[in-house]
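Coordinates in review
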Amino acid sequence: MQSLISTSPISSSSLQSLESYASLTASFNLRFCSLRREVVPLSHHKHRVIGAASKRTRKCVSAASPDSNGSPPTKFDYDLVIIGAGVGGHGAALHAVEKGLKTAIIEGDVIGGTCVNRGCVPSKALLAVSGRMRELQDEHHMKALGIQVSGAGYNRQAVADHASNLASKIRNNLTNSMKALGVDILTGFGSIMGPQKVKYGLDNFITAKDIIIATGSVPFVPKGIEVDGKTVVTSDHALKLEFVPEWIAIVGSGYIGLEFSDVYTALGSEVTFIEALDQLMPGFDPEIGKLAQRVLINPRKIDYHTGVFATKITPAKDGKPVIIELTDAKTKEPKETLEVDAALIATGRAPFTKGLGLENINVETQRGFVPVDERMRVIDAKGNTVPHLYCIGDANGKLMLAHAASAQGISVVEQLSGKDHVLNHMSVPAACFTHPEISMVGLTEPQAKEKAKKEKFKISVAKTSFKANTKALAENEGEGLAKLIYRPDTGEILGVHILGMHAADLIHEASNAIALGTRVQDIKFAVHAHPTLSEVLDELFKAAHVNVDEPKPVAV
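Analysis parameters
- Residues numbered from 1 in each chain as written.
- Predicted model: local features only at pLDDT ≥ 70, side-chain atom pairs only at ≥ 80, totals over all residues.
- Heavy atoms only, no water.
- 1 Å grid on protein atoms, 1.4 Å probe; cavity = no way out; pocket = protein on both sides within 12 Å on 5 of 7 lines; lining within 4 Å.
- Points joined across faces, edges and corners; volume = space filled by probe spheres on them.
- Helix = DSSP H or I, 4+ residues; strand = E, 2+ residues; numbered from the N terminus.
- Nonpolar A, V, L, I, M, F, W, Y, C, P; charged D, E, K, R; others polar.
- Axes fitted to C-alpha atoms, helices over the stretch in contact; angles between N-to-C directions.
- Left-handed = near helix turned anticlockwise from the far one by under 90°.
- Contact = heavy atoms within 4.5 Å.
- Phe/Tyr/Trp six-rings, centres within 6.5 Å; stacked < 30°, edge-to-face > 60°.
- Buried < 20%, exposed > 50% of the residue type's maximum accessible area, 1.4 Å probe, protein only.
- Lys NZ or Arg CZ within 6 Å of the ring centre and 35° of its normal.
- Pairing = 2+ DSSP bridges.
- Salt bridge = Lys/Arg side-chain N within 4 Å of Asp/Glu carboxyl O.
- Right-handed = clockwise from strand over helix to strand, strands pointing away.

1. What about the layout of surface pockets?
The calculated volume of the largest pocket comes to roughly 1200 Å³. What lines the largest pocket is a set of 38 residues, among which Gly131, Arg134, His435, Pro436 and Glu477 lie closest to the centre. Contributing elements (two or more residues each) for the lining of the largest pocket: α5 (120–137), α6 (139–144), α7 (156–180), α10 (286–297) and α14 (503–516). Taken together, the residues that form the lining of the largest pocket break down as ten nonpolar, 14 polar and 14 charged.

2. A short note on the packing of α5 against α7
Closest axis-to-axis distance for the α5/α7 pair is 8 Å, and the angle between their directions is 145°. Two packed elements cross with a definite hand, and for α5 against α7 that hand is right-handed. Across from Val121, Pro122, Ala125, Leu126 and Val129 in α5, the residues of α7 making contact are Val159, His162, Ala163, Leu166, Ala167 and Ile170. Across the contact of α5 with α7, the residue classes break down as ten nonpolar, one polar and no charged.

3. Some words on the packing of aromatic side chains
Enumeration according to the criterion identifies two aromatic pairs in this entry. Ring geometry for Phe189 and Phe352: centres 6.2 Å apart, planes at 80°, overall edge-to-face. Of this pair, Phe189 sits in the loop between β4 (184–187) and β5 (190–194) while Phe352 sits in the loop between β17 (349–351) and β18 (377–379); the two residues are 163 residues apart in sequence, bridging distant segments of the chain. On the accessibility criterion, Phe189 (12% relative accessible area) is buried. On the accessibility criterion, Phe352 (5% relative accessible area) is buried. Here the basic side chain of Lys102 rests over the ring of Tyr78, its NZ or CZ set 5.1 Å away from the ring centre. Taking the ring centre of Phe457 as reference, the NZ or CZ of Arg487 above it sits at 3.9 Å.

4. Topic: the sheet that holds strand β9 (residues 232–234)
Within a beta sheet, neighbouring strands are joined by backbone hydrogen bonds and run either parallel or antiparallel to one another. With respect to topology, five strands assemble into an open sheet ordered β9-β16-β10-β11-β12, the strand pairing being parallel. The open sheet terminates on both sides in strands that have one partner only, identified here as β9 and β12 (302–306). Going from strand to strand, the sheet's axes swing by 20° on average, the running direction of each strand aside. Taken together, the four bridges between strand β10 (residues 247–251) and strand β16 (residues 342–345) define a ladder with parallel strand orientation. Across the sheet, Ala249 pairs through a bridge with Ala343, a residue of β16. Against the sheet, helix α9 (residues 255–266) makes contact with β10, β11 (270–275), β12 and β16, and its axis sits at roughly 165° relative to β11, the strand it touches most.

5. Observations regarding the pattern of salt bridges
If you walk through the whole model with that rule in mind, you get 21 salt bridges. The closest approach of N and O atoms between Lys124 and Glu259, which form a salt bridge, is 3.6 Å. Highlighted residues: Lys124 in helix α5 and Glu259 in helix α9, separated in sequence by 135 residues. Judged by relative accessible area, which is 22%, Lys124 ranks as partly exposed. Here Glu259 falls in the buried class, since its relative accessible area comes to 6%. For Glu455, the salt bridge identified is with Lys451, shortest N-O distance 2.9 Å. Note that Glu455 and Lys451 are positioned in helix α12 (residues 445–455) at a spacing of four residues, about one turn of the helix.

6. What to know about the pairing of β10
If a strand is regular, its side chains alternate between the two faces of the sheet. Counting buried positions along β10 gives five out of five residues, so the element sits mostly inside the fold. Side chains Trp247, Ala249 and Val251 of β10 all project onto a buried face; the interleaved residues Ile248 and Ile250 project onto the opposite face, where all are buried too. Bridge count for β10 against β11 is five bridges, and the pairing is parallel. Bridge assignment links Val251 to a residue of β11, and that residue is Ile274. Remark: the β10/α9/β11 crossover connection has right-handed handedness.

7. Overview of the pairing of strand β6 (residues 197–200)
Of the strand pairs in this sheet, β5 and β6 are connected by four bridges, and their pairing is antiparallel. For Ser191, the partnering residue across the bridge sits in β6 and is Lys199. Between the antiparallel neighbours β5 and β6 lie two residues, among them Gln196 with a positive phi of about 65°. Where β6 and strand β7 (residues 204–213) come together, four bridges link them in antiparallel fashion. Across the sheet, Lys199 pairs through a bridge with Phe205, a residue of β7. With antiparallel pairing between neighbouring strands as the criterion, β6 and β7 make up a hairpin whose turn holds three residues, including Gly201 at a positive phi of roughly 70°.

As structure tokens, then:
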């Protein structure tokens, strides 16, 4: 993979856009995967195509009209209206019905949102294929298990169909589950017309006692990058797997880029990472990131450029390759020009909040995000909470993960049902589904040290290796590490990070412990089946030393 030196000038506007992205990325101490903690400034996006509302839904319109925006209604069509039918909106809708609330959900695109249609779900289908291919191509691994395999290959269209079919199946499951429980599904782009009033589609108006905004996010594309959907793509396009390039550049080394590098290299592509910050995978705990680079980057057909901006990317055309102009992130001087077959823009996601009618209730977005308090209540321009209005998921930017959106939605419904509830975001786990997987919950070690310094306490770190786990060794998958960050004076769990086989499944014992406030000195007495991978966590908790009186185990 050869690079050509370039001395082309860089526009000041492009540099400012890229600088603001790098600065914002660094300031948020990004965590990631399925991870969607890659927070970026809002760029202007076109609205999705809006379908016309059905005759059935038009009949239910009664209590709202476009001429009465200023004052709240006195009667309501619904107890709860949710704008956006992604994973967050779906979770909120089902919980609302369980609580006896008459509920409607508005969707201007397709049920399932980004996660089901253009994110978590189809990407896991591709990663399932990459995992199988990687294992079958590893002759040493197969030979160690006594298995002989030759000529492993794949059918690109069949792989793409697997991802598409999975998304369709999950989308239908979500739709049917809401219909079965009596949730009204309203078609059209939703916007807020005033207090407790919503418009959807072209001219449909409804009222609701409470409203939840759950409109999600879209891929963020920095200025200077021309996306044609064929040779320069976002994750939305790449998940269709319309072709497998010989050489692809991936701009951004967060969870999205890392997962796609796993897919592409397993299918035979060479990959080049382009990262604006000084190190790859900046959202990881540094120790896990270092191990991830050794396991997931160095042995594969991957090279990388760090501390550079992809200032300009031009799609392939007229027989010419994709051209990427790189600029030094610090000096702003041109560095190199890469010529590749394709480029994937994995620079994070931006909130999809434009056109929601927030100006009608005096709400101003912050970098595109809807401001909320710890209970997901929307905050207006004067700093006051807007009555009966909530925002969950990627649109509020608190934690850009599909399951976080669902948890926030459930938390809101609990409040609407008369029970005060605040979600502990520190207990929300995240995972990157590479081979092997990476998962995390809570603080990284640098974040924990910063918190300890500020609050004047000490931290300790315990570690254990997958090489000591019987099940991992039986699978010939001993490469991996689990790391615990905790307070030795109280036993409080501050963070857990895992790289290894099925790390995404293992993390939940730690996340549940944080959510329930379980201390290290208590959880170390939990019993784990043998031989299982769960014993990695068992050994991890037992390796911690807490300076408090530990309860003695009770004989049974």
